[in-house]
Every structure is written in structure tokens, then in C-alpha cells.
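# Geometric and topological summary
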Amino acid sequence: EPTPRSVPVIWKYREMRPLVLRAAELVSPEEAARRVVALINPGNRDTSACVGNLYTGIQIMLPGEAATAHRHASSALRFIMEGEGAYTVVDGEKMTLHARDLVLTPNGTWHDHGNEGTSGPTIWQDGLDIPLVNVLEANYFELYADGRQTPSRPVDASYAEYGGTALLPATERWTKPYSPLLKYPWEPTYEALQRLAQRSAGSPYDGILMEYVNPRTGGPIMATMGASIQLLRPGEHTRAHRHIGNIVYQCAKGRGYSIIGGQRFDWEEKDIFVVPTWYWHEHANLSDTEDAVLFSFNDLPTMKALALYREEAYVDNGGYQPVEARELAGVGAV
Ligand code: 1HN
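Computed from a predicted structure; not experimentally measured.

Turning our attention to helix H1 (residues 13–26). Here H1 spans 20 Å end to end across 14 residues, near enough to the 20 Å set by a 1.5 Å rise per residue. Listed as buried for H1 are Tyr13, Met16, Val20, Ala23 and Ala24. End-on, the buried residues of H1 take up no more than an arc of 95°, which puts them together on one face. When the buried face of H1 is taken as reference, the exposed residues oriented beyond 90 degrees from it are Arg14, Glu15, Leu19, Glu25 and Leu26. For H1, the secondary structure elements touched by its buried residues are strand S1 (9–11), strand S2 (36–38), strand S3 (55–61), strand S5 (76–82), strand S10 (122–128) and strand S19 (272–275).

Right, let's talk about the sheet that holds strand S11 (residues 141–143) for a bit. A sheet is described by the order of its strands in space; here five strands give the open sequence S7-S6-S9-S4-S11, paired in antiparallel fashion. Strands at the two margins of the open sheet, each flanked by one partner only, are strand S7 (93–96) and S11. Here the strands of the sheet are splayed against their neighbours by 25° on average, with no regard to which way each runs. Bridge count between strand S4 (residues 66–72) and strand S9 (residues 111–115): three bridges; the pairing is antiparallel. The partner of Ala67 across the bridge, within S9, is His113.

Scanning the entire structure with this criterion turns up 18 salt bridges. One salt bridge connects Arg153 with Glu93, and the closest N-O pair in it is separated by 3.1 Å. Of this pair, Arg153 sits in the loop between S11 and helix H4 (157–162) while Glu93 is found in strand S7, placing the two residues 60 residues apart along the sequence. Owing to a relative accessible area of 32%, Arg153 belongs among the partly exposed residues under this scheme. Its salt-bridge partner being Glu269, residue Lys270 comes within 4.0 Å of it at the nearest N-O pair. Given a relative accessible area of 34%, Glu269 falls into the partly exposed group. Salt bridges linked by common partners bring Glu1, Arg242 and Glu312 together as one network.

So, about unusual backbone geometry. The residue Asp91 is not glycine, and still its phi comes out positive at about 45°. One non-glycine residue, Glu137, lies in positive phi territory at about 55°. One can find Glu137 in the loop between helix H3 (130–135) and S11. A residue is classified by how much of its surface remains accessible, and Glu137, at 75% relative accessible area, is exposed.

With that settled, consider the sheet that holds S3. The strand order across the open sheet formed by six strands is S2-S3-S10-S5-S8-S12, and the pairing between neighbours is antiparallel. Strand pairing shows two members of the sheet lacking a second neighbour, S2 and strand S12 (183–184), which therefore form its edges. Both S3 and S10 contribute to a ladder of seven bridges, which runs antiparallel. Opposite Ile60, over in S10, you have Ile123 as the bridge partner. Lying over the sheet, H1 contacts S2, S3, S5 and S10, oriented at roughly 55° with respect to S3.

Glancing now at the nonpolar core. Grouped burial of nonpolar side chains is what soluble globular proteins tend to show. Membership of the largest hydrophobic core comes to 51 residues, with the highest contact counts inside it found for Leu77, Leu102, Tyr212 and Phe295. Contact partners of Phe295, with chain neighbours within four places excluded, come to Leu77, Phe79, Leu102, Tyr212, Ala227, Ser228, Ile229, Val248, Tyr249, Gln250 and Ala252. Of all hydrophobic cores here, the second largest spans 12 residues; its members include Leu232, Cys251, Ile260 and Val275.

Calculation criteria
- Residues numbered from 1 in each chain as written.
- Predicted model: local features only at pLDDT ≥ 70, side-chain atom pairs only at ≥ 80, totals over all residues.
- Heavy atoms only, no water.
- Helix = DSSP H or I, 4+ residues; strand = E, 2+ residues; numbered from the N terminus.
- Expected span 1.5 Å × (residues − 1).
- Buried < 20%, exposed > 50% of the residue type's maximum accessible area, 1.4 Å probe, protein only.
- Arc of directions from axis to C-beta.
- Contact = heavy atoms within 4.5 Å.
- Pairing = 2+ DSSP bridges.
- Axes fitted to C-alpha atoms, helices over the stretch in contact; angles between N-to-C directions.
- Salt bridge = Lys/Arg side-chain N within 4 Å of Asp/Glu carboxyl O.
- Core = buried A, V, L, I, M, F, W, Y, C linked by side-chain atoms within 4.5 Å.

Nothing here speaks to function; it is all geometry.
Right, here's the structure in full:
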């Protein structure tokens with residue numbers, strides 16, 4: 001069975017934040033191109049990966065700072081942790097960044113960032129498939145000739161076009177292999193979670209779990225990486241399961257813990273933790289009154305495209321049962 005080198009690990013935001021602020025004192029975006037504190041899995045130190053072949057790091061942009069544009073074969077996403085006033089430009093589209101927004105930088109898109117605010121740093125989590133693309137020897141890296149992009153589309157254009165509930169532009173035919181929607185703002189995301197929580201029991205393994213999708217296909221946001229948001233009701237404690245595929249979580253709201261491979265990891269807002277492939281995992285909301293919400297990104301689209309995906313539910317009699325068998329037995333859908 002799979003024996004991942006990566007181990008479960010949690011990075012506490014209160015420990016990371018001072019390091020990220022220190023990075024901003026030590027180097028400028030001009031010197032660094034990208035000033036990111038990378039989270040390295042202690043089980044696999046010879047790759048810049050946080051789990052499996054996924055990369056994650058924390059990037060800071062101070063008021064008045066900007067980083068030049070580039071593009072690469074790697075796909076990236078960002079989940080905003082704190083701050084107001086920063087933006088990113090992706091293929092000519094400028095997007096404003098607010099706490100808990102998800103923003104995509106798909107494979108091959110030009111991207112640069114900056115902070116036009118006055119109130120303090122903007123800090124976000126970057127997620128990239130760069131270790132995978134490097135191991136496949138498929139990467140390239142190209143600097144944008146003119147430094148930074150001059151936006152060629154209205155601010156947040158992709159959200160105006162593709163962010164409507166079950167409405168898509170009738171005339172446009174999107175053919176690129178990633179989502180045409182580049183920004184998934186927090187408010188409608190949280191509203192969708194709460195609406196579903198009122199109507200659905202959710203999954204016994206994941207609570208109220210929703211996937212960020214490409215609105216044209218209903219499939220994952222990018223070819224190699226998917227992203228999800230999940231709500232655990234007050235007091236909810238999910239059952240354990242395991243699957244092929246690595247997951248990187250960031251607590252977006254609330255507090256709780258996850259048991260990963262038999263070890264308990266307590267999390268609160270902005271903490272980042274990972275579940276390596278095939279590890280048993282379950283999640284619990286520690287509050288009896290408040291929701292807990294977990295953002296996550298994963299390599300499930302890669303695993304599924306290569307027909308490697310499998311999933312099992314943990315059962316207390318010591319045996320393992322494929323999830324399908326539990327569904328047939330009436331235990332509930334995943
Ligand atoms: C990158 O291009 C960004 O554009 C962030 O913000 C992190 C880590 C490794 C390689 C490229 C960005 C990165 C990165």
C-alpha cells in the first residue's frame with residue numbers, strides 16, 4: 001500500500017506570522033521576485049513540498065510594494081489570510097484581494113501582485129503544483145518583458161462574467177484547460193456553505209463539503225489541483241476515511257482538531273496542516289455554538305486523471321471497507 005514520505009504536520013499561524021514579517025524586513029519583492037516563506041514537510045526535506053508533490057508558502061506584500069510579472073507551467077492558487085488593499089493581475093485581469101478569497105493563477109498565465117493599500121501588510125497562502133511539474137520535467141519559467149502588466153480587462157472581470165449563480169455568458173466558448181473564473185470571493189462561498197448546511201446532512205467523513213469548480217465544466221478549477229471548502233457544524237466530529245491524494249488545509253474560521261494517522265492536531269484560524277495520501281483522517285469542531293470552516297487544496301485531479309484514486313472508510317471492527325460498500329449498506333454517501 002502507499003507509504004508516503006510526507007508526514008502529517010501543522011504550522012501554527014501565530015508562529016509563522018513573525019517569520020513572514022521578518023522576511024519582509026530582510027528582502028524586498030524586487031530582490032526576491034516572490035517573497036514567500038515555504039512550508040517544508042519534515043518527512044521529505046529534499047523537495048520544496050509541504051505534502052506529496054504540493055508546494056505551499058506564505059507570501060507578504062507591504063503597502064506600496066509590487067512584484068514583477070512572470071509565468072510558468074506550474075499552476076498556483078492563493079487563499080487570502082489577512083489585509084486589505086492588495087491585488088493580483090492574471091493575464092491582464094486585475095483582482096482585488098480580501099480575506100478568505102480564493103484566487104487562481106492557472107498554468108501559463110502571466111501574474112504579478114502588489115499592495116496599493118495604506119493599512120498594513122496583506123498576507124496570503126500560495127498553493128502550487130511546482131514539485132509535480134518539476135518531477136515530470138515539464139516546467140518552464142518566463143519573465144514578462146515589461147515588468148508589470150497593464151490591466152487589459154475590467155477589475156474582477158472573470159467574476160462579473162462567470163461568478164453568477166448557475167448563469168454563464170451565452171456567447172463565449174471557453175476552451176482553456178482551467179476555470180475561466182479566477183476569483184471565488186468569500187461572502188458568496190460562505191453563504192453557499194450555510195445554505196447547504198440547512199438542507200443537507202452532509203458527508204459523514206467531511207461534513208458540509210463543497211468543491212470550487214470550473215463553471216464551464218463543473219470539474220476541478222485546474223488540471224492538476226482542486227480546492228474545497230467545508231463546514232463542520234457546532235460539535236460535529238466526522239468519521240475517519242482515507243484516500244489517494246494529498247490535502248493541504250487552512251482553517252478559515254473557528255477552531256477544532258483533526259486526527260491524522262492517529263495523531264491529534266488542534267487548529268484555529270489561519271493554521272495550515274496537511275494530510276498525506278492514504279492517511280486516515282477525521283475532523284472535529286471544538287465549538288458547541290460556532291461553525292468551523294476549512295479551506296483546502298489537493299492533487300485529486302492529478303490522481304483521478306491517472307486513474308489512481310481510491311477511497312476507504314474506517315470501520316471500528318478493525319476491518320477496512322471500500323466506501324462504495326458502505327454506501328450500499330446504507331451508511332451514507334461520501
Ligand atoms: C510563484 O510564482 C508565486 O507568483 C508564489 O506569487 C510562490 C513558489 C515557487 C515558484 C513560483 C507567485 C511560488 C512561485
